[in-house]
Every structure is written in C-alpha cells, then in structure tokens.
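# Coordinate analysis (summary)
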Amino acid sequence: MLTTQRKQLILEKLEAEGQVQSKALSTLFAVSEDTIRRDLRELAAEGRLQRVHGGALPSSSAIAPFAERKSVKMDAKKNVARKGAQLISDGQVVIIDGGTTTSELIRFLPPDLKITVVTHSPGIALGLVEHPSIEVILIGGRLYKHSIVTVGAAAIEGIEKIHADLFFMGVTGIHPDAGLTTGDFEEASIKRAFSGRAAETVVLASPEKINTASSFVIGDLSLVNTIVVEDDTDRAWINAVKEKGISVVMTSEREEA
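Described in the following lines is the structure provided in the data block. Everything numeric here is computed off the predicted structure, so don't read it as measured data. Per chain, the residues get numbers from 1 upward, laid out in the order the sequence is written. Confidence filtering applies because this is a predicted model: local features only for residues at pLDDT of at least 70, side-chain atom pairs given and counted only at 80 or more, and all residues used for totals across whole chains, interfaces and linings. No hydrogens and no water enter the side-chain calculation; it runs on all heavy atoms of the structure.

Let's shift gears to helix α3 (residues 33-45). Strands here are runs of E lasting at least two residues and helices are runs of H or I lasting at least four, both read from the DSSP assignment and numbered beginning at the N terminus. Here, expected helix span is obtained from the residue count minus one, scaled by 1.5 Å. Between its terminal C-alpha atoms α3 stretches 18 Å, which fits the 18 Å expected from 13 residues at 1.5 Å a residue. Exposed residues in this analysis have more than 50% of their type's maximum accessible area, buried residues have under 20%, and partly exposed residues fall in between, with area computed by a 1.4 Å probe over protein chains only. Every buried residue of α3 is listed here: T35, I36, D39, L40 and L43. Projected onto a plane normal to the axis of α3, the buried residues spread over an arc of 135° and lie on a single side. Away from its buried face, by an angle of more than 90 degrees, α3 presents the exposed residues D34 and A45. Here, two residues are considered to be in contact whenever any of their heavy atoms come within 4.5 Å of each other. The secondary structure elements touched by the buried residues of α3 are α1 (3-17), α2 (22-29), β2 (49-52) and β3 (55-58). Positive backbone phi, approximately 75°, marks G47, located one or two places after α3. Picture the helix axis, draw a direction to every C-beta atom, and the arc is the one those directions span.

Time to look at the nonpolar core. As used here, the term nonpolar core means buried Ala, Val, Leu, Ile, Met, Phe, Trp, Tyr and Cys residues forming a set that is joined through side-chain atoms within 4.5 Å. Among the nonpolar cores identified, the biggest contains 33 residues, and I174, L180, V203, I227 and V229 are the most heavily contacted of them. At the level of secondary structure, the elements contributing two or more residues to this core comprise β8 (149-151), α8 (153-159), β9 (164-169), α9 (185-196), β12 (198-204), β14 (226-229), α10 (235-242) and β15 (247-250). Apart from residues no more than four positions distant in its own chain, V229 is found in contact with V80, A205, I210, W237, I238, V248, V249, M250 and T251. Of all hydrophobic cores here, the second largest spans 21 residues; its members include V94, L113, V117 and V228.

The next thing to look at is the pattern of salt bridges. For side chains bearing opposite charge, pairing can occur when the charged atoms are close. Salt bridges, as used here, are contacts in which a Lys or Arg side-chain nitrogen is within 4 Å of a carboxyl oxygen on Asp or Glu. Tallying each qualifying case throughout the model produces 10 salt bridges. E42 serves as the salt-bridge partner of K7, at 2.5 Å between the closest nitrogen and oxygen. Remark: E42 occurs in helix α3 and K7 occurs in helix α1; sequence separation between them is 35 residues. In this structure, D97 and K191 form a salt bridge, with 2.7 Å as the shortest nitrogen-oxygen distance. Note that D97 is positioned in the loop between β4 (93-96) and α6 (100-105) and K191 in helix α9, a separation of 94 residues in sequence. Summarising the burial analysis for this pair, D97 and K191 share the class buried. Look at the salt bridges and you will find they share partners, linking E33, D34 and R37 into a network.

In summary, the pairing rule links any two rings of Phe, Tyr or Trp, Trp by its six-membered ring, whose centres are within 6.5 Å, and it sorts them by plane angle into stacked for under 30 degrees, edge-to-face for over 60 and tilted for everything else. Across all of its chains, the model carries two aromatic pairs by this definition. Ring geometry for F167 and F194: centres 5.3 Å apart, planes at 40°, overall tilted. Highlighted residues: F167 in strand β9 and F194 in helix α9, separated in sequence by 27 residues. Considering the side-chain rings of F185 and F216, the 6.1 Å spacing of their centres and the 75° angle between planes classify their relative orientation as edge-to-face. In this pair, F185 is assigned in helix α9 and F216 in strand β13 (residues 216-219), connecting sequence segments 31 residues apart. With relative accessibility at 55%, the residue F185 sits in the exposed group.

Printed below as a string of structure tokens:
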C-alpha cells in the first residue's frame with residue numbers, strides 16, 4: 001500500500017471513529033509503529049489531525065485567525081450563543097472570554113439586563129459600550145493579536161481579584177478524553193484562571209469544536225459545569241460528556257419558568 005493511500009485511510013478512520021491509536025493502526029496496516037507515527041506526524045504538520053499520546057484526534061478548525069473564524073459555522077454559533085444568553089440572570093457577575101461565539105453571545109443579551117461583565121477581550125468590551133445596563137470590567141495585559149485578547153502576568157493578576165457567577169469559556173476543542181484545548185499556551189492559562197474564579201463555567205460548543213483537540217490543554221472536562229450544543233450533536237458524544245457529570249443543554253430546550 002502506498003503511503004498516500006494509508007494516510008487517506010487513517011483520516012477516514014479518524015473521521016468515522018473520532019480517534020485513532022498508533023498500535024491499532026500498526027496492526028491494521030501491517031507496518032511498524034514508527035511508520036504510523038511518521039504518518040501521523042506528517043498529517044499533523046498539514047493540519048489534518050492533532051497528535052496525542054498514543055495516537056491522534058481530529059484537529060480543530062477553530063484555531064484559525066479571528067477574522068477567518070468569524071465566517072465558520074456562524075448559524076451554529078448564533079444558535080448556541082442565543083441559548084447561552086438565556087443562562088444569564090440580572091445581578092450576576094459574568095466573565096465572557098474572547099472569541100467569535102462569545103461575540104455572538106453579547107448580541108443576544110436583553111436591553112434591560114443588569115449585570116457586570118468581566119472580559120479580557122477588547123472586542124467584547126466595545127460590543128457592550130452601548131448596552132444601557134451592563135457594567136464592563138476590562139482585564140489588561142499583553143494583547144495576543146491572533147485572538148484579540150489580553151494575556152500574561154498582568155491579566156492573571158487582574159483575574160485573581162474577581163468572584164464571578166458565570167464564566168463563558170471559549171475553546172477550540174472539546175473531547176471527552178482529551179478535555180478542553182486551545183491553540184495557545186498563554187491563552188490556556190488565562191482560561192484556567194478565569195474558570196477558577198467563577199461559580200460555574202459554560203462552554204458554547206459549536207460543531208467545529210466537538211470531538212476535536214488542539215495543542216494546548218486548558219484542563220479536563222471537570223472544569224466545565226454546562227455545555228451548550230446544537231440539537232443534531234452526536235448522541236454518543238453527548239452521553240460520554242454527561243457520564244462525566246456535565247450538564248448538556250440543547251439549543252431547542254425551552255427556558256424553565
């Protein structure tokens with residue numbers, strides 16, 4: 001079998017099963033694990049998958065630059081953002097992470113909603129300037145231009161002064177085994193710090209993030225209390241997440257009275 005054929009079959013198996021193991025692939029194709037590791041390394045370099053210990057997971061498309069991500073799965077992002085906005089109540093302190101999905105979230109906040117928003121995203125802060133009843137606290141630090149958010153020691157110091165009710169965490173990948181991942185080391189640290197200062201953490205999971213992984217681990221799924229997904233999300237994935245004690249909210253679910 002040609003290398004290109006084997007790589008294509010690896011990608012097809014990855015798409016069908018959600019993950020691949022080097023040892024199993026070695027047996028399947030009757031080649032050495034070194035050969036499989038080389039295949040995975042080359043596929044990872046092409047952005048086709050994310051290597052993890054012992055194998056590979058689907059690579060998240062959510063690590064593209066902010067301007068490119070604004071056009072990815074926008075209908076889905078709006079759906080989960082709309083549902084996420086319903087989780088917010090008057091009087092709360094709400095941390096809102098940077099990202100294209102959270103940028104949609106603030107569009108669905110009612111005009112009479114009275115909350116305090118804490119964010120390290122200048123874009124989120126500017127998006128709330130005209131909101132009549134929302135106070136905004138902007139966390140300072142070094143601007144990470146790829147995601148247009150602040151990072152670094154100054155940001156961590158500011159985060160440590162907060163006690164919040166909710167944190168809407170942005171991720172690039174969410175996987176039952178690989179956990180929560182993102183594309184930048186410092187961003188992962190900021191997200192962990194925010195989660196540690198909130199009573200509840202919510203992830204708005206649009207389809208390109210589900211069952212995928214990126215290079216830097218934020219933490220395992222225990223950091224999250226609630227995940228908001230679209231109705232057609234894979235049921236096996238939902239069940240795997242629920243088994244870890246996490247609430248999964250579907251976009252079609254009605255608000256409780």
